[in-house]
Amino acid sequence: GYEVDYLEGYMDERVLNAKVDYLIGSVHFIDKWSFDNPEFISGWKNKNIDEKWKSYFEATEAMAKSGKFDIVGHLDLIKVFKFMPKKDVRLLAKDALQAIKKSNMVLEVNTAGLRKPIGELYPSRGLLEEAYALDIPITFSSDAHAVDQVGFSYDLATTLAKEIGYTKAATFEDRDRELVIF
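Everything in this summary refers to the structure shown in the same document. (Residues numbered from 1 in each chain as written. Predicted model: local features only at pLDDT ≥ 70, side-chain atom pairs only at ≥ 80, totals over all residues. Heavy atoms only, no water.)

### Quick look at the overall build of the protein
Piece 1. Along the protein, the regular secondary structure elements total five helices and seven strands.
Piece 2. In sequence order, the secondary structure elements of the protein are arranged as β-α-β-α-β-α-β-α-β-α-β-β.
Piece 3. Expected size for 182 residues packed as a compact globule is a radius of gyration near 16 Å; at 15 Å, the protein falls within 12% of this value.
Piece 4. When its C-alpha atoms are laid out on the principal axes, the protein stretches across 45 × 40 × 35 Å.
Piece 5. For the protein, restricting intrachain contacts to residue pairs at least 6 apart in sequence, the fraction spanning at least 24 positions comes to 68%.
Piece 6. Surface exposure of the protein reaches about 9700 Å², of which carbon and sulfur atoms provide 48%.
Piece 7. Between the averaged position of the 24 positive side-chain charges in the protein and that of its 30 negative side-chain charges there is a distance of 4 Å. (Helix = DSSP H or I, 4+ residues; strand = E, 2+ residues; numbered from the N terminus. Rg over C-alpha atoms; globule rule 2.2 N^0.38 Å. Contact = heavy atoms within 4.5 Å. Areas by Shrake-Rupley, 256 points an atom, 1.4 Å probe, with all protein chains shown as cover. Lys, Arg positive; Asp, Glu negative; His and termini not counted. Charge placed at Lys NZ, Arg CZ, Asp CG, Glu CD.)

What follows is the structure, encoded as structure tokens:
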């Protein structure tokens, strides 16, 4: 599978039509600013954090509505450097979660946040609870960037998912989804 940056107007059809098991749609840019890149952390200075979070979830909503992806990657990646909004994140993400549900996408429970300054899973417990209430399926990912990160902290991810009520996770083959008990 591929993780594909959702950049409206810059999507490559060769990637979107590749013969893969799944496509993960992710948002890493807000107005061409790479908010999760440590090199550009100064971009947070003098920003309205609530507005940036709103823009992030609007981009996530647009990604879901595009219908091009199977999985939503690291739903609340924007929290990576702990620039948290004053507004309730569940309210900021509400429309994006509705679009994810309507688009029949799967939400990734991603352990990479445990290796980042935020020190927690993507998505947060609150957002995962909202997803569960909407009956949005999940899958698990370590978002590995090195071999030793494969499967990183899956025990924490599966424990959290079970605490919330999930009992099945999605797997994919040729873009067809199957739910399996974990």
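### Overview of the layout of surface pockets
Piece 1. What the largest pocket holds in volume is close to 270 Å³.
Piece 2. Looking at the largest pocket, the residues that line it are Y6, L7, E8, Y10, V27, F29, I30, D31, K32, S55, E58 and A59. (1 Å grid on protein atoms, 1.4 Å probe; cavity = no way out; pocket = protein on both sides within 12 Å on 5 of 7 lines; lining within 4 Å. Points joined across faces, edges and corners; volume = space filled by probe spheres on them.)

### Brief notes about the pairing of strand β4 (residues 106–110)
Piece 1. Along β4, five of the five residues are buried, which leaves the element largely enclosed by surrounding structure.
Piece 2. Both faces of β4 are covered, namely the face carrying V106, E108 and N110 and the face carrying L107 and V109.
Piece 3. Summarising the sheet, strand β3 (residues 71–72) and β4 pair through two bridges and their orientation is parallel. Following the sheet pairing, I71 is matched in β4 by V106. (Buried < 20%, exposed > 50% of the residue type's maximum accessible area, 1.4 Å probe, protein only. Pairing = 2+ DSSP bridges.)

### Digging into the sheet that holds strand β5 (residues 138–141)
Piece 1. An order of β1-β2-β3-β4-β5 is seen for the five strands of this open sheet, with the pairing classed as parallel. Edge positions in the sheet fall to β1 (2–5) and β5, since each has one partner strand and no second.

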